[in-house]
Each structure stands twice: as C-alpha cells, then as structure tokens.
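Structural overview
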Amino acid sequence: MEKKLFIWIGAVIFGGLLLQTFLQLEAKYQMEAALFILFTAAVYFSLLLFKKKKFSLYLGLTCTLGIVSLLLIFFGPLFLPVH
C-alpha cells in the first residue's frame, strides 16, 4: 500500500512539473528542464525501489545525495560561469 501511494505521489508531482515546464517556459529552456525533471524522477523511483529491497543501499544513496546537495549549496556558485 505504501509503495503504491509513493508511486502515485511521484507520478503526480513529476507529471505536473513536466506539464508546467512545457506550458510556462520559453522554448529554448524546455528541453533542459524536461531532462532535469526526468533525471530527478528516475532518482526518486530508483530510491523508492531500493527502500524495500536493499535498505542499506537506499540509506547510503540517500545520505550521499544529501551530502552532495549540501556541498553544492555552498560550492555550486564556484562552478557557475559568471556573465
């Protein structure tokens, strides 16, 4: 039951994000945004599959994702080109 609920929640969230991308963004940014949303959806659903089957892998990947996200908050601006 819980797994199906999270699958539906993810489908609604990422489907809505894709729809919003094509309705609101300019044409030159749509492909980039769509690829990012599809990548994050793949990460979400793979973590959802790992949660039940291999909890230690799920926990490790979630921690790694969190640490990388925190590092990018502080060091991400160093890698962005300045206009």
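Before reading on, note that the structure itself is shown above.
Residues numbered from 1 in each chain as written. Predicted model: local features only at pLDDT ≥ 70, side-chain atom pairs only at ≥ 80, totals over all residues. Heavy atoms only, no water.

A few words on the overall build of the chain. What the chain contains, in helices and strands, is three helices and zero strands. The order of helices and strands in the chain, counted from the N terminus, is α-α-α. Taking the principal axes of the C-alpha coordinates as reference, the chain spans close to 45 × 30 × 15 Å. In the chain, which comprises 83 residues, the proportion classed as buried is 14%. For the chain, the share of sequence-separated contacts (at least 6 apart) that also reach a separation of at least 24 residues comes to 42%. When the accessible surface of the chain is split by element, carbon and sulfur atoms take 77% of a total near 7000 Å². (Helix = DSSP H or I, 4+ residues; strand = E, 2+ residues; numbered from the N terminus. Buried < 20%, exposed > 50% of the residue type's maximum accessible area, 1.4 Å probe, protein only. Contact = heavy atoms within 4.5 Å. Areas by Shrake-Rupley, 256 points an atom, 1.4 Å probe, with all protein chains shown as cover.)

Between its terminal C-alpha atoms helix H2 (residues 27-53) stretches 40 Å, which fits the 39 Å expected from 27 residues at 1.5 Å a residue. Within H2, the full set of buried residues consists of Gln30, Ala33, Ala34, Ile37, Ala41, Leu47 and Leu48. Buried residues along H2 sit against helix H1 (2-24) and helix H3 (55-79). (Expected span 1.5 Å × (residues − 1).)

Our next topic: the side chain of Gln30. Residue position: Gln30 is located in helix H2. Accessibility expressed as a relative area gives 17% for Gln30, which makes it buried. Excluding anything up to four places from it in sequence, Gln30 contacts Thr21, Phe22 and Leu25.

Together, Lys3, Lys52, Lys53 and Lys54 make up a region of like positive charge exposed at the surface. Within the secondary structure, Lys53 is located in helix H2. What makes Lys53 exposed here is its relative accessible area of 66%. (Patch = residues over 30% accessible without salt bridge, like charges linked within 9 Å, V, L, I, M, F, W, Y side chains within 5 Å. Salt bridge = Lys/Arg side-chain N within 4 Å of Asp/Glu carboxyl O. Lys, Arg positive; Asp, Glu negative; His and termini not counted. Charge placed at Lys NZ, Arg CZ, Asp CG, Glu CD.)

Attention now moves to the packing of aromatic side chains. Overall, the coordinates contain four aromatic pairs when judged by the stated rule. For the pair Tyr44 and Phe45, a centre-to-centre distance of 5.2 Å together with 80 degrees between the ring planes defines the contact as edge-to-face. Taking the relative accessible area as the measure of exposure, Tyr44 reaches 25% and is therefore partly exposed. Accessibility expressed as a relative area gives 27% for Phe45, which makes it partly exposed. An aromatic cluster is defined as three or more aromatic residues linked by ring pairs; in this entry it consists of Phe14, Tyr44 and Phe45. (Phe/Tyr/Trp six-rings, centres within 6.5 Å; stacked < 30°, edge-to-face > 60°.)

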